[in-house]
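# Observations on chain architecture
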Amino acid sequence: MGLSTLSEWTGRIGELVIGASHAEGGTRSHVVRIGGERDLPYIGTHPSGHKPLVAYELADDPSLWPAAATRYIGDWVHDTADWAAYAEKEYTPDLIRLHLTSTRHRGFSDTSRIGTTIESVLQATRLPLIVEGSDDPAMDSAVYQKIGEAAEGERILLGTAEAGRYRSVAAAAMAYGHSVIAQSPIDINLAKQLNILLRETGLPSDRIAIDPYTGALGYGFEYSYSVMERIRYSALKGDTDLAMPMISSATDSLTVKEVREAQGSEAEKTAVAWELYSMLPATIAGASIVCVRHPLSIAGLKSAIDSLWNGENVEGV
Amino acid sequence: MPTVTFLPSFRKTEIAKGSTILEAAQKAGFHMNVVCGGQGKCGKCSVMVRSGDVEFDREKYGGFFSDEEAVQGACLSCQTRVMGDIRVLIPEGSLVQEQQILIDIDTPGVPLELNPAVWKYALALSPPTLDDQSPDLTRLLWGIEKSGGPKEGSIYAPLEVIREIPRVLRESGWKITATVALVPGGFRLIHVEKGDTTAHRYGAAVDLGTTTVVVYIRSLIDGSIVGIGSNYNRQISCGEDILSRVNYAKRGGLGKLQALAVESINAALTTASNSAGIDREDIYEVVVAGNTIMTHILMGIDPAYMIEEPYVPVVRRYLTTAAQRVGLAVGKNSGLFIFPAVSDFIGGDIIADILASGMAETNDISLLIDIGTNFEVVLGNRDWMFACAGAAGPALEGGEVLFGMRANPGAIEQVQLDLQTLKPSYRTIRNQRPKGLCGSGLIDLLAELLRACVIDRTGRINTAIPHERIRQGRQVPEFVVAWKEETGIGKDIVITENDIKALIMSKASVLAACQTLMNQAGIGREEIAQIYFSGAFGNYISKDHAITIGLIPEIPVERVITIGNGAIAGANIALLNRRKKRVIDEIARKIAYIELNADPTFMDEYTGSCFLPHTDLSLFPGVEKMLDQCRIVRELP
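Treat the numbers as computed from the prediction; the structure is a model and nothing was measured. (Residues numbered from 1 in each chain as written. Chains lettered and ligands numbered in written order. Predicted model: local features only at pLDDT ≥ 70, side-chain atom pairs only at ≥ 80, totals over all residues.)

## Things to note about the overall build of chain B
Along its length, chain B carries 17 helices and 27 strands. The C-alpha atoms of chain B give 28 Å as radius of gyration, which agrees with the globular expectation for 637 residues (26 Å, within 12%). Here the C-alpha coordinates of chain B stretch approximately 100 × 65 × 45 Å along the principal axes. The buried share among the 637 residues of chain B stands at 52%. (Helix = DSSP H or I, 4+ residues; strand = E, 2+ residues; numbered from the N terminus. Rg over C-alpha atoms; globule rule 2.2 N^0.38 Å. Buried ≥ 20, exposed ≤ 12 C-beta atoms within 10 Å, placed from the backbone.)

Dropping the structure here:
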């Protein structure tokens, strides 16, 4: 008799849909579903829920993007739509995550350009979209309104709500039928609090993805891992305020000292390794979407996730 | 020496050049408001220098004053040096004001039994003769035994009393009254006087608080209250909070603090005995409950080592001595009983709270909470007890809140919001025009703002609500409680988002402490039979609102019981019933002190509690139901 690793959990992670097909009023070639787990990840011959997905992150203003990411892509970075289309074709991520870094310049006010950017990206790629808005509460309302409007019908995942500024994001998501990323600073209580706050604005809980905030490997990742585990345990034990799928992005991976200082052929390898070794464990802790910025990380990560999902040895990692 | 003239009273004092105005004011007998102990941090001791030469670093401390105030010569009295003859105006707000001192006692769980530790015997002794040459003392003690008192051989007579005996016996014609007390060493003859004074047998119960002193004088014949006195702890002029007192003691001020404590008690004793028309000499026992630092200072024991790691008090048992040895103005040889302390933070005042609540004498599990700037929480029953203490911060008492104030006249102490119009209706202390908000008013307001959905569960004001009372303040959003025209200070009284956050952090530390003790004991909120609130704060706040904001765990509100000033109540119980002194010692030994800083789950509980009422909403089912209904009301219009 083998040792069973399966547990009798009572809770179930909610399912979140990103993207809308033609039939649903959108323009995506396919939609993705995340969540649905009844158990810890990769356990059992038929793991529960949906397989973790890999999102490729890009930015509308590449000057505010890590050099390790833009260097490899080259000239494509100057046109956001081209960048998205090229990435979809060459590196086949599951989703595109667009960061509107242009909004981070002081005195930014050109919200109409955001609309144009989003429309062009939606045309350039058929993949479901995650969009990150401004990081300044003063312009949140205008920016999220514009994003929501431009992507109406496409059921995007909209980021990022935080405890101090969640109303604008939630309002845009509700008005235009999108979902929301709820980010809290590596703490299970704060994650739960934000979900309650969002719920009380009227946003249904099946339109929330938890971002417990992920530190890069060697830069606090173990804290994130532990909090993700705790969030997942609570959810599986029946806490519905934490029973949402998680999204993880080790934002700092490409700017850590080791990656910045790597020379020559080591530079590429170090960047990819850092993302891979941060994001693969994140899926083990329960993340449904992991995000990377170096295009070469996508293939390695997808194959490693496939291997774990199918119960094989992880090769090439 | 320069002369300092204080306005508006024109009181004058001379003081050495270079002294601070604060020192001059204290010398002149003013009780200045010195929250920080004279470190220039609180801004409460401000004065207006009208004329004369002073030294004051306006750049460093300018932030405390508006431009207008600066023009009028506003200075911090503790940071301003007198360089010549000056005239200084002390604004009313810079003086310690009359406050609601809680003197009510209520001992729900404990019937007041009368078993005092002092007896009086009126004796008519037969004078000695050549046939009967037994000594005076033996004759007297035999008389006591024959009157039903303790056996002759079991009474100890101290030298001071023996010296009095021959004269008193003869001058009184052998008709005397002997007073015997039961002290830890056994029976003790403490007084011998002429005639029959058995009708005058009194005791005093004292609550020696950091801020206030309360004294009850009770008849030890029938237990009745004959007089009550209260006043400020005069140590306030050496610093308002406990730490500044300890620091003052460290700087060589222990003797002065001890003297001020005694002076404060004596003043209250005088008030109480005068109102009762009794002689203080007829007070034969004094029972004092106070926090650890206060009782140590009263006994003249250096408290300095207690506030340093590893935080060990000098004694963890009750102390007894002669009241006169510390300077209390009561009967000669009268005993002084001091409640024991468990740790630096769990002092005799808390033991007195526990005694007054009766929680240590029942199988029911109770939670006892005493809130001030620091809070103490005790969980348990007759078999076991856990206690912890922590800092709640000054917000719940009105500190660090823009329009926060102590429970002085003019403080808004109750607030209600109309859920639809958001119009507040409030009540102030003494019905004066509002000057600010005190603790109970702040808790009301917090609960009402939550009910009205003006704030979310993290305390952020929803600025999207179009309403004249919700506006962007200087730095953060704020809610207007009272318009300028209705207040007594000439400006709008508001509560800011920062105030609300400070309040939430304060309440979270109390709730997290309760939860931590409950987790340690494996007790759920359903198993708690009563929650006892002791102290002034607990007496005035709304129990419903305390539960709504998650200051205390949710249990049926009728089982939340306020015991008023538990320290004075406990002292009264021990004074009237000597058998309770054993209970007191048992309580002190039974309590397991939980150091919150060393408990890894406390921080988690704290973060979970920084939410209204708590992140785990299932802990507050009643509040959730109520809030759901409020949300419906708010969305109706």
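## Looking at the domain arrangement of chain B
Residues and elements named next belong to chain B. What the domain assignment lists for chain B is domain 1 (3-94), domain 2 (118-194) and domain 3 (203-346). One C-alpha centre belongs to domain 1, the other to domain 3; they are set 31 Å apart. Residues belonging to the side of domain 1 that touches domain 3 are distributed by class as follows: four nonpolar, four polar and no charged. (Domains from an automatic or database assignment. Nonpolar A, V, L, I, M, F, W, Y, C, P; charged D, E, K, R; others polar.)

## With respect to helix 16 (residues 600-609) of chain B
Those residues of helix 16 of chain B that sit buried are Phe602, Glu605, Tyr606, Gly608 and Ser609 of chain B. The buried residues of helix 16 of chain B all sit within an arc of 165° when viewed along its axis, so they share a single face. Where the residues of helix 16 of chain B are buried, they touch helix 6 (188-201) of chain A together with helix 11 (497-521) of chain B. (Arc of directions from axis to C-beta. Contact = placed C-beta atoms within 7 Å.)

## Focus: the interface of chain A and chain B
Put simply, an interface is often sized by how much accessible area is lost when its parts join up. With ten residues of chain A at the contact, the number on the chain B side is ten residues. It is helix 6 of chain A that provides the largest number of residues to the side of chain A that touches chain B, a total of six residues. Looking at the side of chain A that touches chain B, its residues break down into four nonpolar, three polar and three charged.

## A word on the packing of helix 9 (residues 348-357) of chain B against helix 15 (residues 580-590) of chain B
Residue and element names in this part refer to chain B. Closest axis-to-axis distance for the helix 9/helix 15 pair is 10 Å, and the angle between their directions is 120°. Comparing their axes, helix 15 and helix 9 come out oblique. Considering the relative orientation of helix 9 and helix 15, their crossing is right-handed. In contact with Ile351, Ile354 and Leu355 of helix 9, helix 15 contributes Lys580, Val583, Ile584, Ile587 and Ala588. (Axes fitted to C-alpha atoms, helices over the stretch in contact; angles between N-to-C directions. Parallel < 35°, antiparallel > 145°, perpendicular 65-115°, else oblique. Left-handed = near helix turned anticlockwise from the far one by under 90°.)

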